[in-house]
Amino acid sequence: MSQPLHIDFVSDVACPWCAVGLASLERALQNLQGQVAFEMEFQPFELNPQMGPQGQDASEHLTQKYGSTPEQQAQSRAGIADRGAAVGFQFRKEGRGRVWNTFDAHRLLVWAGEQGAQQQRDLKMALLEAYHGEGRSPADHAVLAEVAASVGLDGNAAKEVLASDRYADEVRKREAHFQGLGIHAVPSVIVNGRHLIQGGQPPEVFEQALRQLATGQ
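Residues numbered from 1 in each chain as written. Predicted model: local features only at pLDDT ≥ 70, side-chain atom pairs only at ≥ 80, totals over all residues. Heavy atoms only, no water.

Asker: Please clarify how unusual backbone geometry should be interpreted in this entry.
Answerer: Note: most residues except glycine have negative phi, and most peptide bonds are trans. Residue Val186 is joined to Pro187 through a cis peptide bond whose omega torsion reads 5°. Tracing the sequence through the fold places Pro187 in the loop between helix H8 (168–180) and strand S5 (188–191). (Helix = DSSP H or I, 4+ residues; strand = E, 2+ residues; numbered from the N terminus.)

As structure tokens, this is what we get:
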């Protein structure tokens, strides 16, 4: 087997394409099992760092940010849902409902990473499913702690993290680092700190790129 690849998955829980991208990347890694060794770490990126605690209606937010109409948003939502279904991720038919601040979710993910890579991965996917699949708020501390407990993490410890300001500086430091590398859109997959794969690519694109990077071809 080739040398292990270090994969930084830079993303936001609020990003639907990040859900597609992660499910797609994981499918590619399953296809490469036994051929490519890897370690993956989830890195923070906030699409809406100035979002207040009350959140904002998703349709209103998208209209203000991109100028899109409700009809265009519905069409885009259907396209993303189709892409998600192709890689096993189920989006909520009605959409997200509201857009929320995700800073505390990122703090919790850093904490989960200290428990182990698998724990961080499981929490990341569970948070994406809770928000995009069920319309639950990733800004709600009760939701965050419940989701953490659902993947085997200590729910009470999660509550303690959320009630404090722990990992806030670490999240900001990581965000600044990756923005300094020129990351301004997500998902961004960075392999071995220097090779960028941008966007929610299909599994075959991830698979081909990772195989080439692992073998040096």
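Asker: It is not clear to me how the environment of Pro203 should be interpreted in this structure. Could you clarify?
Answerer: The topology assignment puts Pro203 in helix H9 (residues 203–215). C-alpha of Pro203 to C-alpha of Glu94: the two residues are 109 residues apart in sequence and 26 Å apart in space. In this view, Pro203 contacts Ser24, Arg27, Ala28 and Val87; residues no more than four positions away in its chain are not counted. (Contact = heavy atoms within 4.5 Å.)

Asker: It is not clear to me how the layout of surface pockets should be interpreted in this structure. Could you clarify?
Answerer: Once rolled over the atoms, a probe with the size of a water molecule shows which space is left empty. Of the pockets and cavities examined, the largest pocket occupies roughly 710 Å³. Pro16, Leu62, Ser76, Ile80 and Arg96 are, among the 34 residues lining the largest pocket, the residues nearest its centre. Elements with a minimum of two residues in the lining of the largest pocket: helix H1 (16–31), helix H2 (58–66) and helix H3 (70–86). At seven residues, H3 tops the list of elements feeding residues into the lining of the largest pocket. A per-class count over the lining of the largest pocket returns 17 nonpolar, ten polar and seven charged. Mapped onto the lining of the second largest pocket, the elements with two or more residues apiece are H1, strand S2 (38–44) and helix H5 (117–133). Residue contributions to the lining of the second largest pocket peak at four residues, all from S2. (1 Å grid on protein atoms, 1.4 Å probe; cavity = no way out; pocket = protein on both sides within 12 Å on 5 of 7 lines; lining within 4 Å. Points joined across faces, edges and corners; volume = space filled by probe spheres on them. Nonpolar A, V, L, I, M, F, W, Y, C, P; charged D, E, K, R; others polar.)

Asker: Looking at this model, I keep getting lost on empty space enclosed by the protein. Mind explaining?
Answerer: A complete count under the given rule lists one cavity of 30 Å³ or more for this structure. Every residue along the wall of the largest cavity is listed here: Phe42, Gln43, Pro44, His106, Leu109 and Val110. Those elements that provide at least two residues to the lining of the largest cavity are S2 and helix H4 (103–115). Counted by class, the lining of the largest cavity contains four nonpolar, two polar and no charged residues.

Asker: Mind showing me how you'd approach the packing of H1 against H3 here?
Answerer: To describe two helices that pack against each other, one gives the angle between their axes and the distance between the axes. Two elements in contact, H1 and H3, have axes whose closest approach is 9 Å; the angle formed by their N-to-C orientations is 20°. Relative to H3, the element H1 lies roughly parallel. Between H1 and H3 lies a crossing of left-handed hand. Residue-level inspection shows Pro16, Trp17, Val20 and Arg27 of H1 in contact with H3, the latter providing Ile80, Arg83, Gly84 and Ala86. Here the residues of the contact of H1 with H3 are counted per class, giving five nonpolar, one polar and two charged. (Axes fitted to C-alpha atoms, helices over the stretch in contact; angles between N-to-C directions. Parallel < 35°, antiparallel > 145°, perpendicular 65-115°, else oblique. Left-handed = near helix turned anticlockwise from the far one by under 90°.)

Asker: Where do I start with H8 in this structure?
Answerer: Structurally, the α-helix is built with 3.6 residues per turn, so residues lying three or four positions apart point the same way. Spanning 13 residues, H8 covers 18 Å between terminal C-alpha atoms, matching the ideal 18 Å at 1.5 Å per step. Buried residues of H8: Ala168, Val171, Arg174, Glu175 and Phe178, and no others. Buried residues of H8, viewed axially, fall in a sector of 135°; they line one side. Of the exposed residues in H8, those oriented more than 90 degrees away from the buried face are Asp169, Lys173 and Gly180. Positive phi appears at Gly182, one or two residues downstream of H8, with a value of about 95°. (Expected span 1.5 Å × (residues − 1). Buried < 20%, exposed > 50% of the residue type's maximum accessible area, 1.4 Å probe, protein only. Arc of directions from axis to C-beta.)

Asker: What's the story with the sheet that holds S2 in this structure? I'm lost.
Answerer: Hydrogen bonds between backbone groups are what pair the strands of a sheet, and the pairing can be parallel or antiparallel. If you walk across this open sheet you meet the four strands as S2-S1-S5-S6, and the pairing is mixed. Each edge of the open sheet is held by one strand with a lone partner, namely S2 and strand S6 (195–198). Averaged over all pairs of adjacent strands, the angle between their axes in this sheet comes to 20°, without regard to strand direction. With four bridges joining them, strand S1 (residues 5–11) and S5 adopt antiparallel strand pairing. Considered in S5, the bridge of Val10 is made with Ser188. (Pairing = 2+ DSSP bridges.)

Asker: Whenever I open this one, the pattern of salt bridges confuses me. Can you help?
Answerer: A pair can form between side chains of opposite charge whenever their charged atoms are brought close. Applying the stated criterion to the full structure yields ten salt bridges. Of the charged contacts in the structure, one is a salt bridge between Arg107 and Asp104, with a shortest N-O distance of 3.0 Å. One end of the pair, Arg107, and the other, Asp104, are both in helix H4, three residues apart, so they sit about a helical turn from each other. The two residues Arg107 and Asp104 agree in class, both being buried. Across the pair Asp122 and Arg121 runs a salt bridge whose closest N-O atoms are separated by 2.9 Å. The exposure class assigned to Asp122 is partly exposed, which follows from its relative accessible area of 22%. The exposure class of Arg121 is partly exposed, given its relative accessible area of 22%. Here the salt bridges share partners, and the residues they tie into one network are Glu26, Arg121 and Asp122. (Salt bridge = Lys/Arg side-chain N within 4 Å of Asp/Glu carboxyl O.)

Take it as geometry only, folks, not as evidence of what the structure does.
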